[in-house]
Amino acid sequence: MPLAKTFDELISALKLKFLIGKPKHLTKLPGHLGWCYELLIEVSRSFALVIQELPESLRDAVCIFYLVLRGLDTVEDDPNMPQEAKLEWLNTFAAKLDQEGGFDVPNCGHRPYYVRLMENFHRVCIEFQRLDKGYRDVIQNITNEMAKGMIMFLEKEGVDTVEEYNEYCHYVAGLVGLGLTDLFVASGLERKSLKESKSTHANSMGLFLQKTNIIRDYYEDIREDRVFWPKDVWSLYADRIEDFKYEQNFGKGVECINQLVTNALAHVTDVFEYMSHLQDRQVFNFCAIPQVMAIATLAEVYNNEDCFHGLVKIRKGMAAKLIYYTKSMDDVKRVFRYFALQIQKKIDVRDPNATETANQVQLILEMTNDVGQMPSGTRIFGGFTFTVGVLGAVLGYYSYRRGVFGNAMQSIRGQV
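Residues numbered from 1 in each chain as written. Predicted model: local features only at pLDDT ≥ 70, side-chain atom pairs only at ≥ 80, totals over all residues. Heavy atoms only, no water.

*Asks:* A description of the overall build of the chain should follow, citing residues and the corresponding values.
*Replies:* Helix and strand counts for the chain come out as 21 helices and zero strands. Here the chain holds 416 residues, and the buried ones make up 55% of them. Restricting the contact set of the chain to residue pairs at least 6 apart, pairs at least 24 apart contribute 75%. A total of about 18600 Å² of accessible surface is found on the chain, and carbon and sulfur atoms cover 48% of it. (Helix = DSSP H or I, 4+ residues; strand = E, 2+ residues; numbered from the N terminus. Buried < 20%, exposed > 50% of the residue type's maximum accessible area, 1.4 Å probe, protein only. Contact = heavy atoms within 4.5 Å. Areas by Shrake-Rupley, 256 points an atom, 1.4 Å probe, with all protein chains shown as cover.)

*Asks:* Tell me about unusual backbone geometry, residues and numbers included.
*Replies:* A positive phi angle is found at asparagine 107, which is not glycine, with a value near 60°. Mapped onto the secondary structure, asparagine 107 falls in the loop between helix 5 (83–96) and helix 6 (112–119).

*Asks:* Lay out the confidence of the model for the chain with the relevant residues and their values.
*Replies:* For the chain, per-residue confidence averages 85 on the pLDDT scale, and residues scoring 70 or more make up 83% of the total. Contacts for the low-pLDDT stretch residues 9–14, under 50 throughout, to residues beyond four places or in other chains number 24 contacts. (pLDDT = per-residue confidence, 0-100.)

*Asks:* Could you give an account of the nonpolar core, naming the residues involved and the relevant values?
*Replies:* Ranked by internal contacts, the top residues of the largest apolar core, which has 131 residues, are Phe121, Trp229, Phe244 and Met275. Ranked by residue count, the leading element in this core is helix 16 (residues 281–301), at 14 residues. With near-sequence residues (within four places) excluded, methionine 275 lies in contact with Met205, Phe284, Cys287, Ala288, Gln291, Met329 and Val332. (Core = buried A, V, L, I, M, F, W, Y, C linked by side-chain atoms within 4.5 Å.)

*Asks:* Requested: an account of the environment of aspartate 306, with residues and values cited.
*Replies:* Tracing the backbone through its elements, the reader meets aspartate 306 in the loop between helix 16 and helix 17 (316–325). Using a relative accessible area of 37% as the deciding quantity, one classes aspartate 306 as partly exposed. Along the backbone, aspartate 306 and valine 254 are 52 residues apart, and their C-alpha atoms lie at a distance of 9.2 Å.

*Asks:* Let's hear about the pattern of salt bridges: which residues, and what values?
*Replies:* For the structure on display, the rule yields 17 salt bridges. The salt bridge involving arginine 226 is made with aspartate 77; its shortest N-O contact spans 3.5 Å. Here arginine 226 is found in the loop between helix 12 (218–223) and helix 13 (231–234), whereas its partner aspartate 77 is found in helix 4 (residues 56–77), with 149 residues between them in sequence. Judged by its relative accessible area of 23%, aspartate 77 falls in the partly exposed class. Through salt bridges with shared partners, a single ionic network connects Asp77, Asp221, Glu224 and Arg226. (Salt bridge = Lys/Arg side-chain N within 4 Å of Asp/Glu carboxyl O.)

*Asks:* Can you explain the state of the cysteines? Please cite residues and give values.
*Replies:* For the structure shown, the criterion picks out zero disulfides. In this structure cysteine 36 is not part of a disulfide, and its nearest cysteine sulfur, from cysteine 63, lies 5.6 Å away. A residue is classified by how much of its surface remains accessible, and cysteine 36, at 0% relative accessible area, is buried. (Disulfide = S-S within 2.5 Å.)

*Asks:* Tell me about helix 16, and name the residues and values.
*Replies:* Spanning 21 residues, helix 16 covers 30 Å between terminal C-alpha atoms, matching the ideal 30 Å at 1.5 Å per step. The largest bend in helix 16 comes to about 25°, at alanine 288, with the proline proline 290 one to four residues further on. A distance of 3.0 Å separates the backbone nitrogen of glutamine 282 from a side-chain oxygen at the start of helix 16, and that oxygen is part of aspartate 280. The positive-phi residue at the C-terminal boundary of helix 16 is asparagine 303, with phi of around 60°. (Expected span 1.5 Å × (residues − 1). Bend = angle between axes of the 7 residues up to and from the residue. Polar contact = N/O pair within 3.5 Å; in protein donor to acceptor, adjacent residues only side chain to side chain.)

Shown next as structure tokens:
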């Protein structure tokens, strides 16, 4: 896949690398906080980028929240940890966050940066303990609830029904949406009414992202013998879920993908409702970027057999463009409208889910019919376009010649 398809995507990608510079909050931080942010970049460059949108008063709490949940997830995901030990860690993980001096989980993690996180997890604990009590209570409560869900599905070994699929996504992602909402309110940046009346919508924010990741990650998950697609769905199209990776089954596999994409699109109404009630601009940007990445990814995987022989991503230039463009609710609606139309163009009337998919797309189009189309090309950058365009072209050319451009683009992850 090309890095950028259009000139404005190329400009966005270059601007993101060359005009932002090193985030100020990563320098001269007290205690172990600098280490936490550095590890955050290793573990998830995309999240490390998005977190920069948050006000400083909230950013540290969200960083620690992410690393705590990543630590919990690393325990749950470790293929070499005995089941008994894993259950013990999951049962006590949240309570141990208060332990004086923190704790480490040695020899845990299936990737080097996860191992580094767990071998130094006491650093995360120490920074957790330095947070305001309101933030600590939220993080500890969500960690405890997520651990309960992980234990339940660890013992089940799979997702059978669509109801269980929703429940699983709630525990691993919906709770994140609820926890973030609580952190937003605890910071004073958002109203208490967001927490009191929007819990269903906050849950859907997480489910929309998680379902997108589950659909997209088939190729990687199946190679690691992990199954997250609900059996009630995939069994309509194959005897075994791994059968989709064989070329003769791509057709049925695509039909299965299309049904799962349609299921994910049903959350868009809640996503719009939640985001329309956010009042802080920086909190809004933080929430908006992953959501527009998700709809772009769904448009990419819909009706796409490439999902069965590789990881399908949106172009990095498109990802950068969305980061720069999405600054208001109208912007979000325009992006969703643009990609809903892309899905609409790909609907095959012979697909068994075609009617339901078309209905979900039409609902999105109706919710966005008052905002027009997403700008393209020069209109995104207005009067600054020519200057940025020339600068981008020059930097892009020389960076590419020196072998830097490829490294730069790796910092802009074309995924959710």
